[in-house]
Each structure stands twice: as structure tokens, then as C-alpha cells.
Amino acid sequence: MMALTQDELLAEFEGMTLIQLSEFVKAFEEKFDVTAAAAVAAAPAGPAAAVEAAEEQDEFDVILTGAGDKKIQVIKVVRELTSLGLKEAKDLVDGAPKPVLEKVAKEAAEKAAESLKGAGASVEVK
């Protein structure tokens, strides 16, 4: 097994989303039985600060990244989640990646993302 250098680790963290970083910190805490404060001291400053920002974030955007095979189902879900008409919802789905919801609470964003994924879409929550 070859150990990664600090620069290689930083490059890996740099490519991750805030959600991925947050999940990494949780896994790190569980694996090494440490708290977030200790993980911050052990992890490079950049990603740790980004994870803290992700945990404090209270407004999220739900981004439709792809409609998948069931475009009609995805359009129906987009219409349920928004006040868009059929044409606007279809244009949004056809134009992916596009935001479906912006600046919503975490619970609402996760619920919307689950609904869209259930319809076969690929979704990103930022």
C-alpha cells in the first residue's frame, strides 16, 4: 500500500463537494473515534473549514443534472415541486443541469431530491 502525500490528499479533497466532505468527516470521526474539533485539527485546514461551512449551511439548491430514462415522470415531479406549467417544466428538464429549487431548507431539499431520484432523475443538492 502506497501512502498519499499531503499534496495528493489536498488535491483529492479539493475535488469533493461540500456534502462529500461532510460525509468524509463523519466517517473519519467514526473510524478514529474523534470529535469534529479533533478531526479539524487532524485534517488539512481548507477542507475542514469547507466542511464546517457545509454543516452551518441552512439554504440549499436542488439541481437537476439529468432526466434519465423516465423524462415524463421527472417532468411531473418538477411540476409538483414548483409552480411551473407543463412547457416550463419540460424546458427545465430538457435544459438540465438546471436548478429546480433554490434557497430551500435542508429537509425540503432532501425530500425534493428523493422525489426526483425516485422518478429516475440524477440530482445534486448544493
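Criteria and cut-off values
- Residues numbered from 1 in each chain as written.
- Predicted model: local features only at pLDDT ≥ 70, side-chain atom pairs only at ≥ 80, totals over all residues.
- Heavy atoms only, no water.
- UniProt positions renumbered as here; feature names shortened; annotations may be inferred.
- Pairing = 2+ DSSP bridges.
- Helix = DSSP H or I, 4+ residues; strand = E, 2+ residues; numbered from the N terminus.
- Axes fitted to C-alpha atoms, helices over the stretch in contact; angles between N-to-C directions.
- Expected span 1.5 Å × (residues − 1).
- Buried < 20%, exposed > 50% of the residue type's maximum accessible area, 1.4 Å probe, protein only.
- Arc of directions from axis to C-beta.

Per an unreviewed UniProt entry, the protein goes by the name Large ribosomal subunit protein bL12 and belongs to Streptomyces hintoniae. In its Sequence similarities (unreviewed entry) section, the UniProt entry covering the protein states "Belongs to the bacterial ribosomal protein bL12 family." Of the protein, the UniProt comment under Function (unreviewed entry) reads exactly: "Forms part of the ribosomal stalk which helps the ribosome interact with GTP-bound translation factors. Is thus essential for accurate translation."

Looking now at the sheet that holds strand S2 (residues 98-104). Taken together, the 3 strands give an open sheet; going across it, the order is S2-S1-S3, and neighbouring strands pair in antiparallel fashion. Where the open sheet ends on each side, the last strands, each with one partner, are S2 and strand S3 (122-125). Between one strand axis and the next, the sheet turns through 20° on average, direction left out of account. As defined by bridge partners, strand S1 (residues 60-66) adjoins S3 across 4 bridges and the pair is classed as antiparallel. Paired with Leu64 across the two strands is Val123, which belongs to S3.

The first and last C-alpha atoms of helix H2 (residues 18-32) sit 21 Å apart over 15 residues, in line with the 21 Å expected at 1.5 Å per residue. Those residues of H2 lying buried are Leu21, Ser22 and Val25. All buried residues of H2 lie within an arc of 100° about the axis, which places them on one face of the element. Along H2, exposed side chains directed more than 90 degrees from the buried face belong to Glu23, Glu30 and Lys31. One or two positions beyond H2, positive phi appears at Asp33, with a value near 50°.

What follows deals with unusual backbone geometry. Cis geometry marks the peptide bond from Ala96 to Pro97, where omega comes out at 5°. Looking at the secondary structure, you find Pro97 in the loop between helix H6 (86-94) and S2. Despite not being glycine, Lys103 has its phi angle at roughly 55°, a positive value. Mapped onto the fold, Lys103 is located in strand S2. Overall, the relative accessible area of 61% leaves Lys103 in the exposed class.

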